Amino acid sequence: EGTASQPIVFSALDPDINWDQILLAIDLLPNSIMRHVILNDGGGNDAGEETAALEFQDINGSPFAMPMVDHVTLNRSGSYGLYLQHNEDDVSPPSVTNVTINDSANAPILADAGALGGLGGTNSFSNNGVERIEVGSGLNSGIFQHATWQDHGIPYELTEGIYVRTTGLTPDAVRWTLDPGVTLL
C-alpha cells in the first residue's frame, strides 16, 4: 500500500518491452488491498491476448477474499488494463474504485459479468484502443449475487451472453441493476 504522495510504481526496465501482469489469484488473503499504485507498461506485448497489466483470477479459492483496488493508475498496457474474473463460488466481486486506465492497446477493462458489481463509479478511462468495458470473457460470465452496474462514461460491450442466477451461496433471487446512463452494446 502506497500513499498519495508516495505511490508504489511498477515500470518496465525497457519501455519497448512490456512486462506481463500482476496476477491476484487463488489463496488471496481476505481484504487484500492495492492502494496508491501506478502500473506502467504491463499487459505483455501481444494485444491479441486476453491478458492485462492487473488481473484478478479464480479468487474462489478464498470466496470471502473481497480484494480492494483503490487509487490505482494503469498506463500503456500492451493489451487490456484490468482483467476481472469472477465465478459462482465468489460471494462478492473485487472492489475497484478510483482507478485510472490510460493508453491500453485494447479496452481498459475485460471482465466476467459477475465481477462488475464491484466496479465503483469513480474510475476514468482515456486514449485506450477501444473505450468500452468488455464483458463476458468465459464460462463464468454470469451474475451470481446482487449487482449494480454503474455508468462509467463508456459503454459495456457484451461479447458473449450472460445469465443472472442463484447459486448454493446465494439461494435467494438475484437482482441485476443498471444505473441511469448505462449503455449496453
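Predicted, not measured: the structure shown is a model, and the values here were computed from it.

Conventions adopted
Residues numbered from 1 in each chain as written. Predicted model: local features only at pLDDT ≥ 70, side-chain atom pairs only at ≥ 80, totals over all residues. Heavy atoms only, no water. Phe/Tyr/Trp six-rings, centres within 6.5 Å; stacked < 30°, edge-to-face > 60°. Buried < 20%, exposed > 50% of the residue type's maximum accessible area, 1.4 Å probe, protein only. Salt bridge = Lys/Arg side-chain N within 4 Å of Asp/Glu carboxyl O. Helix = DSSP H or I, 4+ residues; strand = E, 2+ residues; numbered from the N terminus. Contact = heavy atoms within 4.5 Å. Pairing = 2+ DSSP bridges. Axes fitted to C-alpha atoms, helices over the stretch in contact; angles between N-to-C directions. pLDDT = per-residue confidence, 0-100.

A few points about the packing of aromatic side chains
Argument step 1. Under the criterion given, the structure shown has three aromatic pairs.
Argument step 2. Look at F10 and W19: their rings are 6.4 Å apart centre to centre, the planes differ by 45 degrees, and that puts the pair in the tilted class.
Argument step 3. Measuring from centroid to centroid gives 4.8 Å for W149 and Y156, while their planes differ by 20 degrees, and the two rings are stacked. The burial state of W149 is the same as that of Y156; both residues are buried.
Argument step 4. Counting every residue linked through ring pairs, the aromatic cluster contains W149, Y156 and W176.

Structural notes on the pattern of salt bridges
In a structure, side chains of opposite charge can pair up when their charged atoms sit close to one another.
Argument step 1. This structure, assessed with the given rule, holds four salt bridges.
Argument step 2. Two residues, R35 and E1, come together in a salt bridge whose shortest N-O distance is 2.8 Å. One end of the pair, R35, is in strand β3 (residues 33-40); the other, E1, is in the segment before β1 (8-10), and 34 residues separate them in sequence.
Argument step 3. In this structure, the salt-bridge partner of D70 is R35, at a minimum N-O distance of 3.1 Å. One end of the pair, D70, is in strand β5 (residues 68-75); the other, R35, is in strand β3, and 35 residues separate them in sequence.
Argument step 4. Sharing partners across several salt bridges, the network here consists of E1, R35 and D70.

Quick look at unusual backbone geometry
Argument step 1. Non-glycine residue D41 carries a positive phi angle of around 65 degrees.
Argument step 2. On the accessibility criterion, D41 (7% relative accessible area) is buried.
Argument step 3. Within the chain, H71 stands out as a residue other than glycine whose phi angle is a positive 55 degrees.
Argument step 4. Topologically, H71 is positioned in strand β5.
Argument step 5. Relative accessible area serves as the criterion here: at 36%, H71 is assigned to the partly exposed category.

Things to note about the environment of S104
Argument step 1. As for its position among the elements, S104 is in the loop between β7 (95-102) and β8 (109-111).
Argument step 2. What makes S104 buried here is its relative accessible area of 3%.
Argument step 3. Each C-alpha atom, one on S104 and one on A47, is 8.9 Å from the other, the two residues being 57 residues apart in sequence.
Argument step 4. Apart from residues no more than four positions distant in its own chain, S104 is found in contact with S77, S79, Y80, G81, N127, N128 and G129.

Here's the deal with the sheet that holds β3
Argument step 1. In spatial order, the strands read β1-β3-β5-β7-β9; together these five strands make up an open sheet with parallel pairing. Of all strands in the sheet, those with a lone pairing partner are β1 and β9 (124-126), marking the two edges. Sheet twist, expressed as the average angle between the axes of neighbouring strands with direction ignored, equals 15 degrees.

Quick notes on the confidence of the model for the protein
Argument step 1. Per-residue pLDDT for the protein averages 85, and the proportion of residues at 70 or more is 84%.
Argument step 2. Averaged pLDDT values for the elements of the protein fall to 78 in strand β14 (residues 163-164) and rise to 97 in β9.

Things to note about the sheet that holds strand β4 (residues 52-56)
Two modes of strand pairing occur in sheets, parallel and antiparallel, and in both the strands are linked by backbone hydrogen bonds.
Argument step 1. Read from one edge of the open sheet, six strands run β2-β4-β6-β8-β10-β13, paired in parallel fashion. Of all strands in the sheet, those with a lone pairing partner are β2 (22-24) and β13 (156-158), marking the two edges. Averaged over all pairs of adjacent strands, the angle between strand axes in this sheet comes to 15 degrees, irrespective of strand direction.

What to know about the pairing of β4
Argument step 1. Within β4, five of the five residues are buried, which leaves the element mostly enclosed by the surrounding structure.
Argument step 2. Where β4 meets strand β6 (residues 80-84), four bridges bridge the pair, whose relative direction is parallel. From the neighbouring strand, E55 faces β6, where its bridge partner is Y83.

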